[in-house]
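# Close look at the chain arrangement
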Amino acid sequence: MATKMTANGVCTTTAPGTEQYETFYSAHRGKRISRVMYDYRDTDNELFSCGAHTLAECRRKRDEWLNNKQNTQK
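The following refers to the structure shown. Remember, predicted model here, so these are calculated numbers, not experimental data.

## Focus on the environment of arginine 62
Tracing the sequence through the fold places arginine 62 in helix α1 (residues 55-73). For arginine 62, a relative accessible area of 15% corresponds to the buried category. With near-sequence residues (within four places) excluded, arginine 62 lies in contact with Glu19, Tyr38, Tyr40 and Phe48.

Here it is as structure tokens:
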């Protein structure tokens, strides 16, 4: 399966503060299910990746991750 998010197995989200996402479809028990794969490169160059049913859910997970990072750095 071709993906724009990786090249030779390496994440292509390289610029700090950027995000990439792709929607994939699979079948489960005869139903078509969509999943969003999401990458976000933080301003300190740390990569966050996740998968969820919607882009909004991925961004919510990213925001939680960012809040946890800020709280642990204090």
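## Details of the pattern of salt bridges
Applying the stated criterion across every chain, the model contains seven salt bridges. Salt-bridge contacts for glutamate 46 lead to lysine 69; the nearest nitrogen and oxygen are separated by 3.2 Å. Residue glutamate 46 is found in the loop between β4 (31-41) and β5 (47-52), and its partner lysine 69 is found in helix α1; the two are separated by 23 residues along the sequence. Here glutamate 46 falls in the partly exposed class, since its relative accessible area comes to 37%. With a relative accessible area of 11%, lysine 69 lands in the buried category. For arginine 62, the salt bridge is made with aspartate 63, and the minimal N-O distance between the two is 3.1 Å. Take aspartate 63: its relative accessible area is 35%, and that puts it in the partly exposed class.

Rules used in this analysis
Residues numbered from 1 in each chain as written. Predicted model: local features only at pLDDT ≥ 70, side-chain atom pairs only at ≥ 80, totals over all residues. Heavy atoms only, no water. Helix = DSSP H or I, 4+ residues; strand = E, 2+ residues; numbered from the N terminus. Buried < 20%, exposed > 50% of the residue type's maximum accessible area, 1.4 Å probe, protein only. Contact = heavy atoms within 4.5 Å. Salt bridge = Lys/Arg side-chain N within 4 Å of Asp/Glu carboxyl O.

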